[in-house]
Amino acid sequence: QVQLVESGGGLVQAGGSLRLSCAASGSIFSINTMGWYRQAPGKQRELVADITNDGSTNYADSLKGRFTISRDNAKNTVYLQMNSLKPEDTAVYYCHAVLKTGWIKWNDYWGQGTQVTVSS
C-alpha cells in the first residue's frame, strides 16, 4: 500500500518559520504532481501549493512570497518552507500526491495531516 507521512508541524509564534516534509512510500510505480493543502477549523480544504515531477510550481495567490514548495524525486519527498507565518495560517496541512501503483491508473493519495499553529 501507499503511505504519505507528513512531519514538521508544530507551534510557532507569528513571524516565525516552519518546514514541512512529506515522504511517499509503498508500492509506487510513478509519481506525478505532489502538493500541500490545508484546512482550518470550520473552513474548507484549500490548495497551498503543488509541484510537478519536473519542478513546475503553483501557489495560492495569497501565499506567494511567503511559502516555497520543493521536492526530492530520489526520496519521493515534497517540502513546504513556510516563512513569515501569520495566525491565519493555523490549520492542518495535508500532503497530496497523484501517483500510480501499477501500469494504468492514476490515483489521488492523502497524508494524515500535520497541525500548524501560529500564535499571536
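Each remark here, short or long, concerns the structure printed above.
Every chain is numbered independently, its residues counted from 1 as its sequence is written. Selection of residues for local features in this predicted model requires a pLDDT of at least 70, selection of side-chain atom pairs for listing and counting requires 80 or more, and totals for whole chains, interfaces and linings are taken over all residues. Side-chain metrics rest on all non-hydrogen atoms present in the structure, leaving aside hydrogens and water.

A. Layout of the environment of Tyr94. Only DSSP runs of H or I reaching four residues or more are called helices, and only runs of E reaching two or more are called strands; each is numbered from the N terminus. Examined against the element boundaries, Tyr94 turns out to sit in strand β9 (residues 91-100). Only protein chains enter the accessibility calculation, which uses a 1.4 Å probe; a residue whose area is less than 20% of its type maximum is buried, one above 50% is exposed, and one in between is partly exposed. Taking the relative accessible area as the measure of exposure, Tyr94 reaches 15% and is therefore buried. Residues Tyr94 and Tyr109, spaced 15 residues apart in sequence, show a C-alpha to C-alpha distance of 10 Å. With residues near it in sequence (within four places) discarded, Tyr94 still touches Glu6, Gly35, Trp36, Tyr37, Gln39, Arg45, Trp110, Gly111, Gln112 and Gly113. We call two residues in contact when some of their heavy atoms are within 4.5 Å.

B. Highlighting the pairing of strand β1 (residues 3-7). Only one face of β1 is covered, namely the one carrying Leu4 and Glu6; the face carrying Gln3, Val5 and Ser7 has none of its residues buried. Strands qualify as paired when DSSP identifies two bridges or more between them. Both β1 and strand β3 (residues 18-25) contribute to a ladder of five bridges, which runs antiparallel. In the strand pairing of β3, Ser7 is matched with Ser21.

C. How the structure looks around the nonpolar core. By size, the foremost hydrophobic cluster in this structure holds 29 residues, and its most contacted members are Trp36, Leu80, Met82 and Tyr93. Counting residues per element, the ones that place at least two in this core are β3, β4 (30-39), β5 (46-51), β7 (67-72), β8 (77-82), β9 and β11 (114-119). In terms of residue count, β9 provides more of this core than any other element does, five residues in total. Side-chain atoms within 4.5 Å are what join buried Ala, Val, Leu, Ile, Met, Phe, Trp, Tyr and Cys residues into a set we call a nonpolar core.

D. Seen up close, the side chain of Thr114. You can see Thr114 is positioned in strand β11. A relative accessible area of 11% means that Thr114 is categorised as buried. Polar contacts, as used here, are pairs of N or O atoms within 3.5 Å; protein pairs need one atom able to donate a hydrogen and one able to accept it. Residues neighboring in sequence count only if both atoms are side-chain atoms. A distance of 3.4 Å separates a polar atom in the side chain of Thr114 from the backbone nitrogen of Gly9. For Thr114, the contacting residues outside a window of four places in its chain are Glu6, Gly9, Leu20, Ala91, Val92 and Tyr93.

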